[in-house]
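An overview of the molecular structure
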Amino acid sequence: MTMKTCFFAIVLLLVQLSSQANVSLSALFTDGMVLQQKSKVPVWGWADPQTTVTLQTSWNGQKYQAKVDKLGQWKIVVQTPAAGGAYQIKISEKNVIELHDILIGEVWLCSGQSNMEMPLKGYPGQPILGSTEAIMNSKDDQLRIYTVPRNPLLQPAANSKPSVWKKAEPQSVVGFSATAYYFGRQLRKTLGVPVGLIHSSYGGSNIEAWMEASWLADQKDLKIPKQEEGLKDKNRVATMLYNGMINPIAGYGIRGIIWYQGESNYERPDQYEVLFPRMVEKYRALWGNNELPFYFMQIAPFDYASLPPYHVGGKYNSAYLRDAQRKSLDKIPYSGMAVTLDLGEQNCIHPSHKQQSGERLAYLALHDSYGFSTLNLKSPLYEKLEIKGSTAVLSFKDAPLGLTSYGKEIKTFEIAGKDQVFYPADAVLKGKTIIVASLKVEEPVAVRYAFKDFVVGEVFGANGLPLSSFRTDDW
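Rules and cut-offs
Residues numbered from 1 in each chain as written. Predicted model: local features only at pLDDT ≥ 70, side-chain atom pairs only at ≥ 80, totals over all residues. Heavy atoms only, no water. Helix = DSSP H or I, 4+ residues; strand = E, 2+ residues; numbered from the N terminus. Buried < 20%, exposed > 50% of the residue type's maximum accessible area, 1.4 Å probe, protein only. Pairing = 2+ DSSP bridges. Axes fitted to C-alpha atoms, helices over the stretch in contact; angles between N-to-C directions. Contact = heavy atoms within 4.5 Å. Polar contact = N/O pair within 3.5 Å; in protein donor to acceptor, adjacent residues only side chain to side chain. Parallel < 35°, antiparallel > 145°, perpendicular 65-115°, else oblique. Left-handed = near helix turned anticlockwise from the far one by under 90°. Nonpolar A, V, L, I, M, F, W, Y, C, P; charged D, E, K, R; others polar. pLDDT = per-residue confidence, 0-100. Phe/Tyr/Trp six-rings, centres within 6.5 Å; stacked < 30°, edge-to-face > 60°.

So, on to the environment of Leu292. You can see Leu292 is positioned in the loop between helix H7 (269–286) and strand S13 (294–297). Residue classification places Leu292 among the buried residues on the basis of a relative accessible area of 3%. Spatially, the C-alpha atom of Leu292 lies 25 Å from that of Ser264, the residues being 28 residues apart in sequence.

Quick look at the structure:
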């Protein structure tokens, strides 16, 4: 056989094999998955171009069909009932795929960097308080978890790396996101319906790694990679985590998103103030829902100056990043911020109080997305400043029962005049307001609260949730 004859034989064989390609599914769709209740959710995959894929759902026996496009892709949107299960789905073309043990309930995407990725068992030398008890009591077949494998890529991927949905039990939750687990556990307790958690995070990642190239076009200091050769720390390279870990799952039926990230952007708070709201807006467009709930953790206090390159002073103070997150609330509708000002650890960037983190995110979802509004489930939030003589009067919202320091002296307020020099200030709580003054500032202009790299929060709402650090100035 000549080389030319051999070449054509191989081509013919490939054509024959491609013409016999089986129908397949995106990696997200496996046995044990959770689909969002009372919603139109897409199911998608691949098959031979121009063939017809048939899908049947067991909860109503309905059949759906879709034509495979010329690229071999298909998508079918199915209507889901109220929470329940277990159900089955059958997908057929040349072959048949049957998915079993499907639950219908509430589905949330959980993303971010290491504080979201941190597993319930903890990191070496960095424990999670109460994790052993949580792991050993985790068995709940109505709480399902799915982890998108790490996969930084140069170009947007059609599919993620393979993974499987798992039932919550000790052997599955031990390596799963602690923050996401506690979030889902609280939803399960309160809502009493199946809950599905899709975890897609990567430690050390910055926000631009989770964004698509066109969203970053105006950021001249952020380089979009053209080739992988020579790239290091791909979790910190713009677009690469979006390409491999968000684009392939975008559109899966979810109720909302929780997010814990920002530590790797602490040196660039002004840029974060632009990128964060933009990312949320674009994610909502990906899911076709501009009201998709988005709840995020404010990063915890930590001594960032202890990390290379040991930046000190100015906007290297991570309070500026926390403030960028706080101010983002005004730019991101249908969002909420869980505050960790009382949970930070000076010498560990991964706070051990992950139960509180997950539960505070759940409180936001329960309050705003599920209507549990009888009890305020949010942290107090700075609203406005009034100058009255030599005193500054600060007002707060989301504090219906007022503010408290639990009887402790408040030492973390600062006040400044026109010279922009801040001095320690006395602070007195009065209902939903705080009165701040200093003998060194006769004509106050601005106030800051807990505006340091590492600090322990002193002011709380009557619901026990801490007030965020804040500043009234823009210096």
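With that out of the way, let us pick up the sheet that holds strand S18 (residues 413–416). On the basis of which strands lie adjacent, the open sheet formed by four strands has the order S19-S18-S22-S24 and antiparallel pairing. Each having just a single partner strand, strand S19 (422–424) and strand S24 (470–471) make up the two edges of the open sheet. When strand S22 (residues 446–449) meets S24, the two strands line up antiparallel, connected through two bridges. Opposite Arg448, over in S24, you have Arg471 as the bridge partner.

Okay, the pairing of strand S11 (residues 195–201) next. Successive side chains on a regular strand alternate, one facing one side of the sheet and the next facing the other. Judged by how many residues are buried, S11 sits mostly within the fold: seven of seven residues are covered. What you see with S11 is no split at all: Val195, Leu197, His199 and Ser201 on one side and Gly196, Ile198 and Ser200 on the other are buried throughout. The sheet contact formed by strand S8 (residues 96–112) and S11 spans seven bridges and is parallel. Across the sheet, the residue bridging to Val107 is Gly196, located in S11. Bridge count for strand S9 (residues 140–147) against S11 is five bridges, and the pairing is parallel. Residue Ile145 lies in a different strand from S11, and its bridge partner there is Leu197.

The next subject is the sheet that holds strand S16 (residues 391–397). One open sheet accounts for four strands, arranged S15-S16-S21-S20; its pairing is antiparallel. Single-partner strands in this sheet number two, and they are strand S15 (381–388) and strand S20 (426–430). Each strand axis lies, on average, 25° off the axis of its neighbour in the sheet, ignoring direction. Bridging between S16 and strand S21 (residues 433–437) involves four bridges; their strand directions are antiparallel. Paired with Val393 across the strands is Ile435, a residue of S21.

With respect to the helices and strands, the residue Arg268 is situated in the loop between strand S12 (256–260) and H7. Arg268 sits 123 residues away from Ile145 along the chain, and the two C-alpha atoms are 33 Å apart. With sequence-adjacent residues up to four places away left out, Arg268 is seen in contact with Asn206, Glu208 and Leu222. For Arg268, the side chain forms a polar contact with the side chain of Glu208, separated by 2.9 Å. One polar contact links Arg268 to Gln271, side chain to side chain, over a distance of 2.4 Å.

Close contact between helix H5 (residues 178–191) and helix H9 (residues 354–368) brings their axes to 7 Å; oriented N to C, the two are set at 45°. Here H9 runs oblique to H5, going by the angle between their axes. For the crossing formed where H5 meets H9, the hand is right-handed. Contacts between H5 and H9 involve Ala178, Thr179, Tyr182, Phe183, Arg185, Gln186, Leu187, Thr190 and Leu191 on the former and, on the latter, Lys354, Gln355, Ser357, Gly358, Glu359, Leu361, Ala362, Tyr363, Ala365 and Leu366. Split by residue class, the contact of H5 with H9 holds ten nonpolar, six polar and three charged.

A few words now on the confidence of the model for the chain. Do not read the predicted coordinates in detail wherever pLDDT is low. For the chain, the mean per-residue pLDDT works out to 94, and 96% of the residues sit at or above 70. In this model residues 3–19 is a low-confidence stretch, pLDDT under 50, and it forms four contacts with partners more than four residues away in sequence or in other chains.

A word on unusual backbone geometry. Cis geometry marks the peptide bond from Gly85 to Ala86, where omega comes out at 15°. Tracing the sequence through the fold places Ala86 in strand S7 (residues 84–92). For the bond from Pro308 to Pro309, the omega torsion is 5°, close enough to zero to count as cis. Take Pro309: it is sitting in the loop between S13 and helix H8 (319–328). One non-glycine residue, Thr239, lies in the positive phi region at around 80°. The topology assignment puts Thr239 in the loop between S11 and helix H6 (240–246). By relative accessible area, which is 2% here, Thr239 ends up buried. Positive phi is not limited to glycine here, since Tyr310 has a value of about 60°.

Within H8, nine of the ten residues are buried, leaving the element largely enclosed by the surrounding structure. Considered for burial, the residues of H8 that qualify are Ala319, Tyr320, Leu321, Arg322, Asp323, Ala324, Gln325, Arg326 and Ser328.

A separate point is the packing of aromatic side chains. Taken as a whole and assessed by the stated rule, the structure comprises 28 aromatic pairs. Taking the centre distance of 5.1 Å and the plane angle of 85° together, the rings of Phe29 and Trp44 count as edge-to-face. Of this pair, Phe29 sits in the loop between strand S1 (24–25) and strand S2 (34–36) while Trp44 sits in strand S3 (residues 40–46), placing them 15 residues apart in sequence. Its relative accessible area of 4% is what places Phe29 among the buried residues. Among the aromatic residues, those joined into a ring-pair cluster are Trp210, Trp259, Tyr272, Phe276, Phe294 and Phe296.

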